[in-house]
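Each chain, letter by letter, is given below.
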Amino acid sequence: MQKLAQALILSAVFFAAWSTSGTRPISGSVMLGISALAFIFSILNWGFKENSKLSDIAKNPFLLCGGILVLLGIIQVLNPHTIAYDADGYLHARNVKFIKWLPSGINADAEVYGSAKAVAELLTAYFFASALFFHSKNAKFCKFLIKFFALNIAAMSIFAIAQKILNAQAIYFFFSTDSQFYGPYYYSNATCAAIFLGLCATSASFCIDFGASKSFKKKALSFLWIFPAASQSAAIFVSTSVGAKMSVLIFSALLFLLGMFYFLKNKIGKAKTLAAIFAIIAISAIPAFYAANCRYENLSPTKKASVIGRAELALLAKDVFWEAPIFGGGADSFGYFASRAAGKRTFGNKFANSAHNSILNYACEYGAAGLAAIFTVFFLWAKRLFARRKILQAANMACLAGLFTSTFHSMFDIFLQIPSTMVFYALIMTLSASFLKGGAKDGL
C-alpha cells in the first residue's frame, strides 16, 4: 500500500508538470483524482501500521488546518451569494439569496470564475500536501521524489524553449488559446514559477549527491546536475517573466550565502561566519536597490504599467477585503468585488481576476478565518522544521531558500492560485523539513 501511495504521488507530480497546469476541467479533474487517491492510500498505509497513533495527525501541518480552509471553500460553494455566467461574449453576474452568517461564494460554470472550480484546485494541493507529509520521514522516497521532480521540470524547460524556437501557435502544437502560453501551461508566468521551483529541486539534488559521495569520482558525477539547471535557467531567461528572472537572481544569491556558511563555519566558527554574511548583505543592499531601480527604468512601458497596476491592485484589495472580512467573498470572487470598487480607482470597468498577491488574494477570498488557517499551517511547518533542525542537510537549506524566494515572488503574481504550482510549492515546502539523508523510516 505504501508503494502504491508513493507511485500516486509521483504520478501527481508528473501530471502537474505536463497536463496544462490543471486550470482546465479535464486536466484539473485528472490532477484532483490522482491527488485524492494518493491521500486515501497514504492515510490507509499510516492507519494499518502498528505504531500509528491518532496524535500523529496533529503533526501533519496540512491535514487539519488546511482542512479548515477547504471546509470554508466547500461551504462557500454550497452557499453562493452570486450566480455568474458567460453569455454573448460578456460575463454576467446577479445576486441571489444566501445565508449571510455563513461563508459564501460564486456559483459559475467551469469556464467562468467561480468558487467550485477554485475549491477543487485547492483540494488538489491539499490532498497532495497531506499525502506527501505521511512519507516525509522516508528519506529514500523523498530523495527520489525531488530528483524525479527536478528532471521532469528540466524536460519541460527544454520543451518550452523548443516551442518558442519553433514559434508554436498552440500548447503541444494542438491546444489553441488566446492566452500568453509557454511550454505546457496556458499562463507563461505560471510556467516560469514551476520551472523555478524545479531549479530549486535541482540544486537540492546536487547537494544530496555531492554530500552523499565520498570518492572524488562520485562527487564529480554530482556536477551533472548542472545540465538540468542550465536548461531550467535558460527557459526562465528566454521567457517574459520578470518575476521569475528576479527569483533566479535572489535564489542564486541565497545559495552563495549558504555555500559560504557551510564552507566557513568550521574554519572560523558559526558566529563569525554569520557576522560576515550579514555584513555582505548590508553592503550589498544599496547596489542591489540601485540595480533593481535601473532594471525597472529599462522596462518597456507595458511592463512598467504592469508593475504600477499591481501596486494599485494592492490598494483595491483593501476595499475588497472589507466587503467580507471574516469569511471572505468566496474562492475566485476577487474580480466580482473588485469590479464594484474599481470606480474609485483607475481600473474603469475592467475585470481584475486577482490581487496578484497571494496573501491579499486569500485574505479577500477566504477572509480572516482563512488567513488564520493558512498561517497556522506555516506555523506548524516551522515548528516541525525547528524540531528537525539537527538533521537538516544542505539539500533542505536549498529547498528553504527556494521556498523563501518563491513566497516573495508570490507577493507579486498569481501562481499560487494555479493547481500545478500549488502542488510544486507544497512539495518544496514539505521536503524542506523532510529527511533527505538515509533510507526508509516509519512514523511522522
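Residues numbered from 1 in each chain as written. Predicted model: local features only at pLDDT ≥ 70, side-chain atom pairs only at ≥ 80, totals over all residues. Heavy atoms only, no water.

1. Quick look at the overall build of the protein chain
Which entries qualify depends on this criterion: Under the DSSP-based scheme used, a helix requires at least four consecutive residues in state H or I and a strand at least two consecutive residues in state E, with every element numbered from the N terminus. The cut-offs for exposure are 20% and 50% of the maximum accessible area for each residue type, with area from a 1.4 Å probe on protein chains only; residues under the lower value are buried, those over the upper are exposed, and the others partly exposed. Note on contacts: a residue pair qualifies if any of its non-hydrogen atoms lie within 4.5 Å across the two residues. Using a 1.4 Å probe, the Shrake-Rupley method yields the accessible areas, and only the shown protein chains count as cover for residues.
Regarding its fold elements, the protein chain presents 15 helices and 5 strands. Relative to its 444 residues, the protein chain shows a buried fraction of 50%. Taking contacts inside the protein chain between residues at least 6 apart in sequence as the whole, the part at least 24 apart equals 74%. For the protein chain, the accessible area works out to roughly 21300 Å², and carbon and sulfur atoms hold 69% of it.

2. What to know about the pattern of salt bridges
Heads up, the condition is: The salt bridge definition used is simple: a Lys or Arg side-chain nitrogen within 4 Å of an Asp or Glu carboxyl oxygen.
This model, assessed by the stated rule, comprises 3 salt bridges. A salt bridge links K318 to D319, with the shortest nitrogen-to-oxygen separation between them at 3.4 Å. Relative accessible area serves as the criterion here: at 45%, K318 is assigned to the partly exposed category.

3. Overview of the packing of helix α5 (residues 139-165) against helix α8 (residues 226-237)
The axes of two packed helices give the description: the angle between them and the distance between them. Operational definition: Orientation is described by lines fitted to C-alpha atoms, with helices fitted over the stretch in contact, and by angles between N-to-C directions that extend from 0 to 180 degrees. Put simply, angles under 35 degrees are roughly parallel, angles over 145 are roughly antiparallel, angles from 65 to 115 are roughly perpendicular, and the rest are oblique. Helix crossings get a hand from a simple test, with the near helix turned counterclockwise from the far one by less than a right angle marking a left-handed crossing and a clockwise turn marking a right-handed one.
Where α5 meets α8, the closest approach of the two axes is 8 Å, and the angle between their N-to-C directions is 45 degrees. Taken together, α5 and α8 sit at an angle that is classed as oblique. The crossing of α5 and α8 is left-handed. In this structure, α5 uses A150, I153, A154, S157, I158 and I161 to contact α8, whose residues at the interface are P228, S231, Q232, A234 and A235.

4. Observations regarding a nonpolar patch on the surface
Test applied: Grouping into patches uses exposed residues only, defined as over 30% relative accessible area, and leaves out salt-bridged ones; the cut-off is 9 Å for like charges and 5 Å for nonpolar side chains (Val, Leu, Ile, Met, Phe, Trp, Tyr).
A cluster of nonpolar side chains, namely M1, L37, I40, L44 and F48, defines an oily patch on the protein surface of about 490 Å² accessible area. Along the chain, the position of L44 falls in helix α2 (residues 25-47).

5. Side note on the side chain of T421
Stated precisely, the cut-off is as follows: For this analysis, a polar contact is any N or O atom pair within 3.5 Å, provided that within protein one partner can donate a hydrogen and the other can accept it, and provided that sequence-adjacent residues contribute only side-chain to side-chain pairs.
Tracing the backbone through its elements, the reader meets T421 in helix α15 (residues 419-432). Using a relative accessible area of 0% as the deciding quantity, one classes T421 as buried. Among the polar contacts made by the side chain of T421, one reaches the main-chain carbonyl oxygen of F415 at a distance of 2.3 Å. The residues touching T421, leaving out its near neighbours within four places in the chain, are A190, A193, A194, L197, F415 and L416.

6. Thoughts on the side chain of H135
Within the element layout of this structure, H135 appears in the loop between α4 (115-133) and α5. At 3.5 Å, the side chain of H135 forms a polar contact with the side chain of Q6. Each residue touching H135, except ones within four places of it in the same chain, is listed here: Q2, A5, Q6, I9, S42, N45, F141 and C142.

7. Some details on the confidence of the model for the protein chain
Parts of the model with low pLDDT should not have their predicted coordinates read in detail. Going by this rule: Summary of the metric used: pLDDT quantifies the predictor's per-residue confidence within the range 0 to 100.
Of all residues in the protein chain, 86% attain a pLDDT of 70 or more, and the chain-wide mean is 84. Low confidence marks residues 345-349, where pLDDT is under 50. Its contacts with residues over four positions away, or in another chain, come to 12 contacts.

8. Overview of the environment of D86
Relative to the elements of secondary structure, D86 occurs in strand β1 (residues 80-87). Here D86 falls in the exposed class, since its relative accessible area comes to 52%. Along the backbone, D86 and D109 are 23 residues apart, and their C-alpha atoms lie at a distance of 8.2 Å.

9. Re helix α3 (residues 63-78)
Worth spelling out the cut-off: Helix span is expected to be 1.5 Å times the residue number reduced by one.
Counted at 1.5 Å a residue, the expected span for α3 with its 16 residues is 22 Å, and the 22 Å between its end C-alpha atoms agrees. Within α3 the residues assigned to the buried category are L63, C65, G66, G67, L69, V70, L72, G73 and Q76. Along its buried surface, α3 packs onto α2, β1, β3 (105-108), α4 and α13 (358-387).

10. Remarks on the nonpolar core
Quick reminder of the rule: In these notes, a set of buried Ala, Val, Leu, Ile, Met, Phe, Trp, Tyr and Cys residues joined through side-chain atoms within 4.5 Å is what counts as a nonpolar core.
Core analysis: the biggest nonpolar cluster contains 95 residues, and F128, L145, F149, F424 and L427 have the highest contact counts within it. Counting residues in hydrophobic clusters, the runner-up holds 12 residues, among them V320, F334, F337 and L371.

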